[in-house]
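As a plain string of letters, each chain reads:
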2 protein chains.
Amino acid sequence: DWRSRKKKEIFQYIILKWAFCLCIGLITGLVGFFNNIAVENIAGHKLRLTNNLMLKEKYFQAFVVYVGSNSALAIAAAILCAYIAPAAAGSGIPEVKAYLNGIDAYSILAPSTLFVKIFGSIFAVAGGFVVGKEGPMVHTGACIASLLGQGGSRKYRLTWKWLRYFKNDRDRRDLITCGAAAGVAAAFRAPVGGVLFALEEAASWWRSALLWRTFFTTAVVAVVLRSFMEFCRGGQCGLFGEGGLIMFKINTENSTYGTPDLIAIVLLGVIGGVFGSLYNYLVDKVLRTYSIINERGPGTKLILVVAVSILTTCVSFGLPWLSQCLPCPTDLDDQCPTVGRSGNYKNFQCPPGHYNDLASLFFNTNDDAIRNLFTSANDKHFQLSSLFVFFVSIYCLGIITYGIAVPSGLFIPVILAGASYGRIVGRLFGSVATLDVSLYALLGAASFLGGTMRMTVSLCVILLELTNNLLMLPLLMLVLLISKSVADIFNKGVYDQIVKMKGLPFMEAHAEPFMRQLVAGGVASGPLITFSGIEKVDNIVHALKMTNHNGFPVIDEPPFSDSSELCGLVLRSHLLVLLREKKFTKKKVSLRSEIWRGFKAHDFAKPGSGKGVKLEDLDFNEEELEMFVDLHPITNTSPYTVVESMSLAKAAILFHALGLRHLLVVPKTPGRPPIAGILTRHDFMPEHILGLYPHLNPHK
Amino acid sequence: DWRSRKKKEIFQYIILKWAFCLCIGLITGLVGFFNNIAVENIAGHKLRLTNNLMLKEKYFQAFVVYVGSNSALAIAAAILCAYIAPAAAGSGIPEVKAYLNGIDAYSILAPSTLFVKIFGSIFAVAGGFVVGKEGPMVHTGACIASLLGQGGSRKYRLTWKWLRYFKNDRDRRDLITCGAAAGVAAAFRAPVGGVLFALEEAASWWRSALLWRTFFTTAVVAVVLRSFMEFCRGGQCGLFGEGGLIMFKINTENSTYGTPDLIAIVLLGVIGGVFGSLYNYLVDKVLRTYSIINERGPGTKLILVVAVSILTTCVSFGLPWLSQCLPCPTDLDDQCPTVGRSGNYKNFQCPPGHYNDLASLFFNTNDDAIRNLFTSANDKHFQLSSLFVFFVSIYCLGIITYGIAVPSGLFIPVILAGASYGRIVGRLFGSVATLDVSLYALLGAASFLGGTMRMTVSLCVILLELTNNLLMLPLLMLVLLISKSVADIFNKGVYDQIVKMKGLPFMEAHAEPFMRQLVAGGVASGPLITFSGIEKVDNIVHALKMTNHNGFPVIDEPPFSDSSELCGLVLRSHLLVLLREKKFTKKKVSLRSEIWRGFKAHDFAKPGSGKGVKLEDLDFNEEELEMFVDLHPITNTSPYTVVESMSLAKAAILFHALGLRHLLVVPKTPGRPPIAGILTRHDFMPEHILGLYPHLNPHK
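Note that the structure is a prediction, hence the values are computed from the model and not measured. (Residues numbered from 1 in each chain as written. Chains lettered and ligands numbered in written order. Predicted model: local features only at pLDDT ≥ 70, side-chain atom pairs only at ≥ 80, totals over all residues. Heavy atoms only, no water.)

Draft legend 1. View of the overall build of chain A. A count of helical and extended segments in chain A gives 25 helices and twelve strands. For chain A, with 700 residues in total, the buried portion stands at 60%. At a minimum sequence separation of 6, the contacts of chain A that also span at least 24 residues come to 78%. Of the accessible surface of chain A, which amounts to about 27,200 Å², a share of 60% is contributed by carbon and sulfur atoms. (Helix = DSSP H or I, 4+ residues; strand = E, 2+ residues; numbered from the N terminus. Buried < 20%, exposed > 50% of the residue type's maximum accessible area, 1.4 Å probe, protein only. Contact = heavy atoms within 4.5 Å. Areas by Shrake-Rupley, 256 points an atom, 1.4 Å probe, with all protein chains shown as cover.)

Laid out in structure tokens, this is it:
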């Protein structure tokens, strides 16, 4: 922006851009893999220990061990989250989405958040909560990208100068989009799905070139994961078996379908839509309650986490006792009952030669439970009552778990609940349907995902990549379309709800209908502070102190121009840098070239979060305050402007399409001051506008 | 835009939008299926007849039949194309891309183009040209969408009033995007690929809501195709066997790969990049030559088509004679030699029990040839020399075929050539590689596609959906990334080249670097014609006659405003509608409300191509010409404006991001006329700017 670059610099820039994508892919792949190994090992040891005690019929001891380890893990996760980085709680996808919309919320992508997100997620998932590691992986990917883009963290003295090349919002946003895509790719082993997720859900602006770069990043992730899994196949990774990274095999033998199947699928779609929107509604309510509780301090957060943890543990240990023991099927490749940590046939309290089907779902990691639900071995494997009990408890646990102070993804609870009711529907239609129950479980998961998250193409591709079965495509599309349409009648997607609940000023791509009735001049922010082209230092310091505006219009006045005219816009951060150098003059004269000489374009580059010059750090004596400074060199002389009589809806579209932070409003008629106001993101928020014009109908 | 709509109307609008998508999906699916059946039957009968004569050793007769039928089909296609709709020649993808960029070129989406595209494509493909039906299918889908959106064609008296609801550019563009996606989905049976194609290659603007609607459209296409193929499995579709719609089965047994494979794949990527950019270069040269030939008239076009047809026929009939006869393998499910029309083991001139491998490639439909190349039956099936001969001839034939006056897709020639050199590389690395040669053929096709078309994600997904093998994903990504990167060094993608060669003013999303040195005021179009708010009829008619501008600024002058100020922008089409109604007044008075009463919003809706009011149709007497008309009701009072000192690069980004047609330039200083110029698409074209400022370095 500041000076046109030389050829060498452009080349360096391009190489760096791709190198960053490579790094993001490598690191996110590594972290994703580490995450999985850790969860599988911690949860595996816990389950094996408990299971062995159960086999010896030491039930109480088993319960103590189970509750104890779950609570310990939960407390570890909660301490990390409550004391080190509160921003790491929750899914992280809404925050990434908001960041990519241009909202630079506090410490969302800080290094501490990254650290807590990784370890908190491991502890929470291993601790048996009904949460996934997918949302946190997306946040992790975005954090990694952000840290790389900032060239490390100054706070922890981990900075690399040569990495600090991307200093503007757009480049950073691009990197973080790549990071989010890499996160999805690492969580689901779905590279194409990752790209589509970034496109459909995360990004607010999109360029074709970005498609190409996110694709490269996710390809790197896929290669990294594949080679590590190849390495682990030898058995060097402890309890990490085949299963670590979810990848479900669904048999493709029977994928023809008839009319009854289609009816069942339409029904699944409708159910998914209704349950999904209800889920969103309840999650929103619970979140609002929790946020009141959580505001009381870290201690309260901790108590809430422990309470939910104990409840979850009791449900998952207690409910299987209600289930009838089933005799092991005779023609079986697997062990029955299962001895190791995973497998479909948990013995639990049953006599030898029998298994407890509910324990196979509850008494397992979430990934294994999903794998069991998607299994096609035997459609009588689960009793209807067990599936029903499981569905109800997971649905409720999922709702009360999101919002506690641990990193918690929403994908896994939703898939679990969806797969269980899908399997129920499959069983009920069993006599007339030709599709396998495992495919019904998949379609059920799809319908519930569509009903809560309201993505379509990306979910479809992610599920296809998860199950490696392209023949399901038309059915998946159908079920997603129905469930999304049904759920859209009731409320918004869960991520949009969370963004709104957190009060982040998310800028929609479309203008609200009532904006058509207003003009840009009508909502522009109140008392306007402007600077002259050559301004007294005192005025600037005073203005910076009194307001927290980030941009100030600059006006040229006679004798420096023929008449009073708009020169441009100056940013707070640039003003601070200029003031720090103290290139002041006693009189109102222009010393443009001299100021230029003192600076490099680098000095004005956007610093990482919380790293800029602060007003408090600057100190001026009386004499300096009476001097003048030439603002021309740091003024953006061609800011985007709209006439005050422009329709607000059009101004909003302009603001969003170009990703602006400030939009200057100029007067329509001459003879008035050359600037009528300034529009920022907050001025476009419906709440703000409806506050100014309470008589407006917000829906019209 | 004109009046805010009522709730009922919004509901009607939404229902119609989705109904249109459904219709587009249904019709495109039907056409795609019809297309395939026709090609398979025509080409099948032709090949069966020739083949039977060959088996009886009547070689000369066979040649006469083969040449005769090919020439007849070629002439049929060329006559349709040359005399009825010249716009139907070629792939159609560049035209669709240009349309979606906002270029409304003549008759690109007319009903005659649709008709010729469908039948011309059938004849051309069945006539043995090295062309595909995929590009034409995309164009067909777009035409269908356009016709539906316009509510039929007025020229052919096929109009439905109730369908004529989408009257603005954006809705039409959305429909055509859906149509293009449906075309890809129908051509490749790749619904997700279709969506991604529309996103990556076709569309210039993209909204999340569109993703969702294109997805629905392609899902409908997939369902339609599937049910028809189910129906045809009974044998009711003549010679349409399994194979009509390309869907290649590649065995998934052996998809592990080692280092030698990776080296071979990198090599494939590089080769694909080099061959691809060379292909683009040669296609461009040949196209420029052909366009000179084709300009001489339909007769010359016809001769060119026949010449290319005879050349292609001779090559495909003559070259197999050079090949050695191979003995049939003994352990085989298929017949050998093949008796019917398709199959891998063409007897050609060979003695019984032998087959001619080159004839299996040449003497077949293109789809079957690709299927044969992707077959994994036996890696010695094709001799290296045969593959080499086939590659060279297809590469050259592909280049000289594109640009003749028949609908011709580029996908199939590129896949054919790519698959053959991929198979060659696979054979050469055969001793050290572990991947199957069929997978090498697939990767070769991918590399050449990446090298010519420069798409990544969409090609990858299309190929995955074609081969139904997700395990190839990382390798496909790798090869596409390499070939695209290599090819990008040399030139642009083939579709971009064709758009440029056709002289269409395509607006790129990014601004050229030299635009940073210019200001918006410096390039705005010359002698500016403005109207007063209440203007004399004579002046308007005169201005409309003298210029072909589509937008005129309107300026309010005293006594109707305090000072001379910009009122807005009025469009030529709206002016013509206003003039037709002849609501004139003798004096300069405002009769805003009266004019309103005479019109409905519908009257000003954008008509379909060539359907608006024409200036020649309007007739005014002397008295009327001296009267005044109030332009305020039809003036867009909040047009987007930029200050004349705004950087041209920023203005270009604004222009593209908002999809504008006119951008008003206002003066910076007061005291001058309130409008300094108007910027249109042509003003942003690099050729135009470099014409105005010849001293600028276009690369800096």
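Don't stop here, the text continues.
Draft legend 2. How the structure looks around the interface of chain B and chain A. Listed as interface residues are 55 residues of chain B and, on the opposing side, 56 residues of chain A. Buried area between chain B and chain A, summed over both chains or domains, comes out near 5,100 Å², and the portion from carbon and sulfur atoms is 70%. Seen at the junction of chain B and chain A, the total is zero salt bridges. On inspection of chain B and its partner chain A, the count reaches four residue pairs in polar contact (both at pLDDT 80 or more). Elements supplying a minimum of two residues to the side of chain B that touches chain A: α7 (191-202), α8 (208-232), α16 (457-467), α17 (473-490), β8 (565-571), β10 (641-643) and α24 (648-657) of chain B. When residues of the side of chain B that touches chain A are assigned to their parent elements, the largest contribution, nine residues, is made by α8 of chain B. Among the residues making up the side of chain B that touches chain A, the classes are represented as 32 nonpolar, 15 polar and eight charged. (Buried area = accessible area lost by both parts, 1.4 Å probe. Salt bridge = Lys/Arg side-chain N within 4 Å of Asp/Glu carboxyl O. Polar contact = N/O pair within 3.5 Å; in protein donor to acceptor, adjacent residues only side chain to side chain. Nonpolar A, V, L, I, M, F, W, Y, C, P; charged D, E, K, R; others polar.)

Draft legend 3. Spatial organisation of the side chain of Glu644 of chain B. Note on placement: Glu644 of chain B falls in the loop between β10 and α24. When residues no more than four places from it in sequence are discounted, the contact partners of Glu644 of chain B are Val519, Ala520, Gly521, Val665, Val666, Pro667, Lys668, Arg672 and Ala676 of chain B.

Draft legend 4. Broad picture of the sheet that holds strand β8 (residues 565-571) of chain A. Residues and elements named next belong to chain A. Read from one edge of the open sheet, three strands run β5-β7-β8, paired in mixed fashion. Each edge of the open sheet carries a strand with a single partner, namely β5 (531-532) and β8. As paired elements, strand β7 (residues 551-556) and β8 share six bridges and run antiparallel to each other. Each bridged residue has a counterpart across the sheet, and for Ile555 the counterpart in β8 is Leu566. (Pairing = 2+ DSSP bridges.)

Draft legend 5. Just the relation of the copies chain B and chain A, in detail. The operation relating chain B to chain A is a screw motion whose rotation component is 180°, with 0.1 Å of axial translation and a residual RMSD of 0.1 Å. This pairing of chains is accounted for by a two-fold axis. A shared binding surface is used by both copies, with 100% of the interface residues of chain B retained as interface residues in chain A. (Least-squares fit on C-alpha atoms with pLDDT ≥ 70 in both.)

Draft legend 6. Molecular detail of the environment of Lys56 of chain B. For Lys56 of chain B, the position within the fold is in the loop between α1 (7-55) and α2 (59-84). Residue classification places Lys56 of chain B among the exposed residues on the basis of a relative accessible area of 56%.

Draft legend 7. Region of interest: the environment of Gly179 of chain A. Residue and element names in this part refer to chain A. Within the secondary structure layout, Gly179 lies in helix α6 (residues 169-188). It is 8.1 Å that separates the C-alpha atoms of Gly179 and Ser146, two residues lying 33 residues apart in sequence. Residues contacting Gly179, with those up to four places away along its chain left out, are Ile24, Val138, Gly141, Ala142 and Ala145.

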